[in-house]
Amino acid sequence: MEKELLESYRSKKAEIMELTHSLSHLGDDDSLIGNDTILDYRSGYPVPQAVVGVDHCKIKRMENRYRNRIRKLKEECALVEDFIESIPDSLTRRIFRMKFLDGCTQSKISRKVHLDQSRISRKIDDFLKNA
């Protein structure tokens, strides 16, 4: 597992929440109202007329895009969570959980597990190098 993927976990969780909120409020504003021009032949010759309405195709495209992105982000987050939960050493697993899932600083982690801050970073680097 790469450190960049672990460090991006919290950002991905936040993006999932933002996309879920956007998906549930899709169409609440006027951004999905579109207009087009049609030719009206009722008088015998073409007369351009403006048509205004909700763009249902755009709504479906956005819903699909949001759902696909949410699904992909959830899969990546699940990989990180599974990786951390599969760490055999309890102390290392706790450190990884606090650092990458909870977003704690190394100084806060060192106070919680009663180790020096340098030992925390060394444990993380050593485990990632050997994993």
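It should be emphasised that the depicted structure is a prediction, and the values quoted were computed from it without experimental measurement.

Asker: Whenever I open this one, the packing of aromatic side chains confuses me. Can you help?
Answerer: Throughout the structure, instances matching the rule amount to 4 aromatic pairs. Ring centres of F96 and F127 lie 5.4 Å apart, and the angle between their planes is 70°; on these two criteria the pair is classed as edge-to-face. One end of the pair, F96, is in helix α4 (residues 90-101); the other, F127, is in helix α6 (residues 117-130), and 31 residues separate them in sequence. Relative accessible area serves as the criterion here: at 0%, F96 is assigned to the buried category. What links up through ring pairs into an aromatic cluster is the set F83, F96, F100 and F127.

Asker: Whenever I open this one, the side chain of K12 confuses me. Can you help?
Answerer: When you line up the elements, K12 lands in helix α2 (residues 9-24). Once residues within four sequence positions are removed from consideration, K12 is found in contact with L5, L73, E76 and C77.

Asker: Whenever I open this one, a nonpolar patch on the surface confuses me. Can you help?
Answerer: Taken together, I33, V52 and V54 make up a surface patch of nonpolar side chains, about 270 Å² in accessible area. Counting through the fold element by element, V54 comes out in strand β2 (residues 47-54).

Asker: Quick question: what am I supposed to make of α4 here?
Answerer: Owing to its 3.6 residues per turn, the α-helix brings residues three or four apart onto one side. Helix length check: α4 (12 residues) gives 15 Å between terminal C-alpha atoms against 16 Å at 1.5 Å per residue, within 8%. What α4 keeps buried is the set T92, R93, I95, F96, M98, F100 and L101. Packed against the buried residues of α4 are α1 (3-7), α2, α3 (56-85), α5 (106-113) and α6. Directly beyond the C-terminal end of α4, a positive phi value near 80° is found at G103.

Asker: Honestly, the pairing of strand β1 (residues 33-40) in this entry has me stumped. Any pointers?
Answerer: Within a regular beta strand, the side chains point alternately toward one face of the sheet and then the other, so they alternate between its two faces. Pairing of β1 with β2, which is carried by 8 bridges, proceeds in the antiparallel orientation. Bridge pairing in β2 links I33 to V54. The hairpin formed by β1 and β2 contains 6 residues between the paired strands, and G44 there has a positive phi angle of roughly 105°.

Asker: Explain α6 here, please?
Answerer: The end-to-end C-alpha distance of α6, which contains 14 residues, comes to 20 Å, matching closely the 20 Å that a straight helix rising 1.5 Å per residue would cover. Burial in α6 covers these residues: I120, I124 and L128. Projected down its long axis, α6 carries its buried residues within an arc of 55°, all on one side. Residues K129 and N130 are exposed on α6 and point more than 90 degrees away from its buried face. Buried residues along α6 sit in contact with α1, α3, α4 and α5.

About the cut-offs
- Residues numbered from 1 in each chain as written.
- Predicted model: local features only at pLDDT ≥ 70, side-chain atom pairs only at ≥ 80, totals over all residues.
- Heavy atoms only, no water.
- Phe/Tyr/Trp six-rings, centres within 6.5 Å; stacked < 30°, edge-to-face > 60°.
- Helix = DSSP H or I, 4+ residues; strand = E, 2+ residues; numbered from the N terminus.
- Buried < 20%, exposed > 50% of the residue type's maximum accessible area, 1.4 Å probe, protein only.
- Contact = heavy atoms within 4.5 Å.
- Patch = residues over 30% accessible without salt bridge, like charges linked within 9 Å, V, L, I, M, F, W, Y side chains within 5 Å.
- Areas by Shrake-Rupley, 256 points an atom, 1.4 Å probe, with all protein chains shown as cover.
- Salt bridge = Lys/Arg side-chain N within 4 Å of Asp/Glu carboxyl O.
- Expected span 1.5 Å × (residues − 1).
- Pairing = 2+ DSSP bridges.
- Arc of directions from axis to C-beta.

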